[in-house]
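# Understanding the architecture of this molecule
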Amino acid sequence: MRCQHHLYASRFFFYGLCAMLSLPLIAQENNRPCLSPHDRSVLQAHIDQRRTMLRTVAAVKRPQFRIPLDCHDNDDCFAITNYVDHESAAPGNLRDYQGGTRTYDTQSGYNHSGTDFLLWPFAWQQMRDETVTVVAAAAGVIVEKRDGSSDMNCQTGNSNGSWNAVAVEHSDGSMAWYGHLKKDGLTQKAVGEWVRQGEFIGYPGSSGSSTAPHLHFEVIDALGNLIDPFAGVGNPTTATSWWQKQPDYDQPELLRLMTHFDPPKIGCHDRETVNELEHFQPGMTVIVGAYLRDQRGDQVLDFRVRRPDGSLLQRWDNQLAVDYQAVTFWYWHLPLPVDAPSGVWQVEVDFLGETHYDHFSVGDLDRPTLRQFELTDEAGTPGGPITVSWQCDNATEVRIHGDPRRFAPSDSVVLQPLSTQELTLEANGPGGSLRQAFQLAVPAGAPRLIAHITRPNAGFFTRFAVLNSSDHDQPCRLEPYRADGSAAEPFSFTVPAGVTLNYDQSEWFGDEDIAHCRIVAPPELVVTTAYAAADNGSPAFVGESNTLAAQWRLFPGDWSQVWDGLALVNPQDQAVQVEIELIRADGVVDATVQPADLAQVPANGKVLIVLEDFGWRPQTGDAVVVRATAPIALLALRGDREGSRFLWQNLALAEQP
């Protein structure tokens, strides 16, 4: 590391263990399990009992996990400091899923059994301000909750290992533990209630055997065996990843670049001090702080500090003196000249091909002003990109309401709204704040529908595949409806680039009787639905419905061998009337019917029809025509007579009336 002129640099390396270590540093062999063996056995007994009571029909599909943390005040807010230890001999024999040693064991024979997500860089502040939430990595049923233990622990082996934790069982019988949570901060849902993937579980804390706020995420299969969800050469518990898109073993990133009035301190809650400051006066000393995860010795940070006119004040570089550290922070003293010009100064850091920026002010500045603000054309489709750009004077930081990212005074961002939104840009500086409201206009477009979702426990099930064919992550929102047209709670999720996610019906809707669903997503996301008999029959694979018509034509089969069914969805905002005609091969209308449930199909409602219930006997060449008073969606399925184990989609043609 080189220092230029009066620039002073110091460094601190933070080693994370299962119970993340704060100062003073504790040796690995002195640590104890996150959960004591006695407490673990008691908890497991509770869970086994609850699982027996709560279990319904277990599906064979295992979950696809997302990262179980959401960051609300920064792009990223954590570092993975420990993986599962797969080397059974202890102590001192370590093997993580890649054959490395990013894990630990103890003298007592405990091998680390989960993945530790450390809040970083200021864990206690993040915990206090609740800027990080623990969310369900996969959907499931809550089978255990523990709360009430102290969440301010700074050493291992305390409180007899008790922790605040939530356990969630997935549809395949596997279970995830979310441990070391913040006291009185757990989900309000009770044991036995279902949580959707991405739903709030709690806040990371430091309860139980823990030395800093973090999440211990542990997975157990339906037989009680430990599962490490990361696939790798050192992991004997699974050959394939349990993640939607498995994170890289190393995720080197500069998480925060900021300025301080005094050197920050990392330690227990009573010793952690951030000392953040963005507004300085000439002659003061600016402390430049950089906070990283997964930093390696061959990765160079190139720093620059520029005056308000863009001229260079200082430049220096730095790199680790060792091969690797899970989390690091660096700070440098930068004395300002007594004649330092007033204005907004810029700190720049080049790291792994990306330039990061932070800004601080010198002198007394006026309230920020907006010199330029621009939106690109409106998005052509939901999820389509809209670029927002701006130039602010006298501002050190710009935020957009609801977005965790921090932006530069002159910057731009690409947003992907799924619907029209009212947002606010906020520019902050020493002279106050500026707020600029703006609208992102998104046309609704033609509705995209999952036209049929089977009733829970009715002998059939529905599965979904969501494909993202693009090279970047894409948002998706689902708007579910019941058969009577009443809306259930909509929900959103993100599909990683180039990935297909698979979901069971229960993962999206639990045991709720949802009849159909609208898809609000960019065109790069495509949804395919699979319908099958519950006894593992051959499924019918059906794409999403994006065609509406006031008249549909289809052709029935031989009802001595098959049955024909229709799902009719009314996406309009008012009721529609529907009638069905059986037309003979010679064009003669043989019969016209309009049962009571088709006389007034409610707005956003759905009706299921089995054609043979009308008493017809179709002949070769006969057709069925469905007419409605407004455009509707129609899905036609056919099944075999012998137990309906084989399903397939019938051709339905949209026609002009």
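Preceding this paragraph is the structure being described.
For the structure given in this document, a descriptive report is provided here. Remember, predicted model here, so these are calculated numbers, not experimental data.

### Digging into the overall build of the protein
- Helix and strand counts for the protein stand at 4 helices and 42 strands.
- In terms of overall dimensions, the protein has a C-alpha envelope of 95 × 65 × 40 Å along the principal axes.
- Per-residue burial over the protein gives 55% buried out of 657 residues.
- Here the contacts in the protein between residues at least 6 apart in sequence split such that 73% fall between residues at least 24 apart.
- Surface exposure of the protein reaches about 27,000 Å², of which carbon and sulfur atoms provide 48%.
- Between the mean site of the 49 positive side-chain charges and the mean site of the 82 negative ones, the protein shows a separation of 2 Å.

### Some details on the side chain of Thr454
- With respect to the helices, strands and loops of the structure, Thr454 is situated in the loop between strand S27 (448-450) and strand S28 (460-468).
- Owing to a relative accessible area of 7%, Thr454 belongs among the buried residues under this scheme.
- A polar atom in the side chain of Thr454 sits 2.8 Å from the side chain of Thr462.
- Look past the residues within four positions of Thr454 in its chain and what remains in contact with it is Phe460, Phe461, Thr462, Gln505, Ile514 and Tyr531.

### Focus: empty space enclosed by the protein
- Summed over the entire model, instances satisfying the criterion amount to 3 cavities of 30 Å³ or more.
- Considered as a void within the structure, the second largest cavity measures approximately 40 Å³ in volume.
- Surrounding the second largest cavity, Arg196, Gln197, Phe491, Ser492, Phe493, Tyr503 and Trp508 form its lining.
- Residue contributions to the lining of the second largest cavity peak at 3 residues, all from strand S30 (residues 491-495).

### Some words on the pattern of salt bridges
- Summed over the entire model, instances satisfying the criterion amount to 37 salt bridges.
- The salt bridge involving Arg482 is made with Glu512; its shortest N-O contact spans 2.6 Å. With Arg482 in the loop between strand S29 (474-481) and S30 and Glu512 in the loop between helix H3 (505-509) and strand S32 (516-520), this residue pair connects regions lying 30 residues apart in the sequence.
- According to the relative accessible area criterion, Arg482 is partly exposed, its value standing at 27%.
- According to the relative accessible area criterion, Glu512 is partly exposed, its value standing at 30%.
- Here the salt bridges share partners, and the residues they tie into one network are Asp302, Arg304, Arg306, Arg315, Glu348 and Asp350.

### Concerning the pairing of strand S38 (residues 589-593)
- Note: strand S37 (residues 578-583) against S38, 4 bridges, orientation antiparallel. Paired with Ile583 across the bridge in S38 is Val589.
- Linkage of S37 to S38, two consecutive antiparallel strands, is achieved through a turn of 5 residues, within which Gly587 is found at a positive phi near 90°.

### Considerations on the sheet that holds strand S22 (residues 386-393)
- Taken in spatial order, the 3 strands make up an open sheet running S21-S22-S24, and their pairing is antiparallel. The strands lining the two open edges of the sheet, one partner per strand, are strand S21 (369-375) and strand S24 (410-415). Each strand of the sheet is rotated relative to its neighbour by a mean of 15°, with strand direction disregarded.

### Describing unusual backbone geometry
- In this model, Ala90 is joined to Pro91 through a cis peptide bond whose omega is 5°.
- The residue Pro91 is located in the loop between strand S3 (78-82) and strand S4 (115-119) in this model.
- Positioned with a positive phi, Asn275 is a non-glycine residue whose angle comes to about 55°.
- For Asn275, the position within the fold is in the loop between strand S13 (253-260) and strand S14 (279-280).
- Unlike most non-glycine residues, Leu352 shows phi in positive territory, near 55°.
- Residue position: Leu352 is located in the loop between strand S19 (343-351) and strand S20 (354-362).

### What to know about the packing of aromatic side chains
- Per the counting criterion, the structure on display carries 36 aromatic pairs.
- With 5.0 Å between their ring centres and 75° between their planes, Tyr83 and Tyr97 make a pair best called edge-to-face. Within this pair, whereas Tyr83 is found in the loop between S3 and S4, its partner Tyr97 is found in the loop between S3 and S4, the two being separated by 14 residues in sequence. Comparing Tyr83 with Tyr97, the two get one shared label, buried.

### Observations regarding the side chain of Lys606
- By the secondary structure assignment, Lys606 is in strand S39 (residues 606-610).
- Among buried Asp, Glu, Lys and Arg side chains, Lys606 stands out as unpaired, with Asp513 the closest opposite charge at 7.2 Å.
- Engagement of the side chain of Lys606 in a polar contact is seen with the side chain of His452, the distance being 2.8 Å.
- Here Ala515 takes part through its backbone oxygen, which lies 3.0 Å from a polar atom of the side chain of Lys606.
- Beyond its immediate stretch of four places on either side in the chain, Lys606 contacts Ala451, His452, Ile453, Ala483, Ala515, His516, Ala567, Leu568 and Val569.

### Looking at the state of the cysteines
- In total, this model carries 2 disulfides according to the counting rule given.
- Here Cys71 engages in a disulfide with Cys77; their sulfurs sit 2.0 Å apart. In this structure, the disulfide formed by Cys71 and Cys77 twists by about -75° around the S-S bond and is classed as left-handed.
- A disulfide bridge connects Cys154 with Cys268, and the sulfur atoms are separated by 1.6 Å. Residues Cys154 and Cys268 are joined by a disulfide whose S-S torsion is about 60°; by sign, that bridge is right-handed. Residue Cys154 is located in the loop between strand S6 (140-146) and strand S7 (165-169), and its partner Cys268 is located in the loop between S13 and S14; the two are separated by 114 residues in the primary sequence.
- Judged by its relative accessible area of 24%, Cys154 falls in the partly exposed class.

Here is what the cut-offs are and how they apply
- Residues numbered from 1 in each chain as written.
- Predicted model: local features only at pLDDT ≥ 70, side-chain atom pairs only at ≥ 80, totals over all residues.
- Heavy atoms only, no water.
- Helix = DSSP H or I, 4+ residues; strand = E, 2+ residues; numbered from the N terminus.
- Buried < 20%, exposed > 50% of the residue type's maximum accessible area, 1.4 Å probe, protein only.
- Contact = heavy atoms within 4.5 Å.
- Areas by Shrake-Rupley, 256 points an atom, 1.4 Å probe, with all protein chains shown as cover.
- Lys, Arg positive; Asp, Glu negative; His and termini not counted.
- Charge placed at Lys NZ, Arg CZ, Asp CG, Glu CD.
- Polar contact = N/O pair within 3.5 Å; in protein donor to acceptor, adjacent residues only side chain to side chain.
- 1 Å grid on protein atoms, 1.4 Å probe; cavity = no way out; pocket = protein on both sides within 12 Å on 5 of 7 lines; lining within 4 Å.
- Points joined across faces, edges and corners; volume = space filled by probe spheres on them.
- Salt bridge = Lys/Arg side-chain N within 4 Å of Asp/Glu carboxyl O.
- Pairing = 2+ DSSP bridges.
- Axes fitted to C-alpha atoms, helices over the stretch in contact; angles between N-to-C directions.
- Phe/Tyr/Trp six-rings, centres within 6.5 Å; stacked < 30°, edge-to-face > 60°.
- Disulfide = S-S within 2.5 Å.

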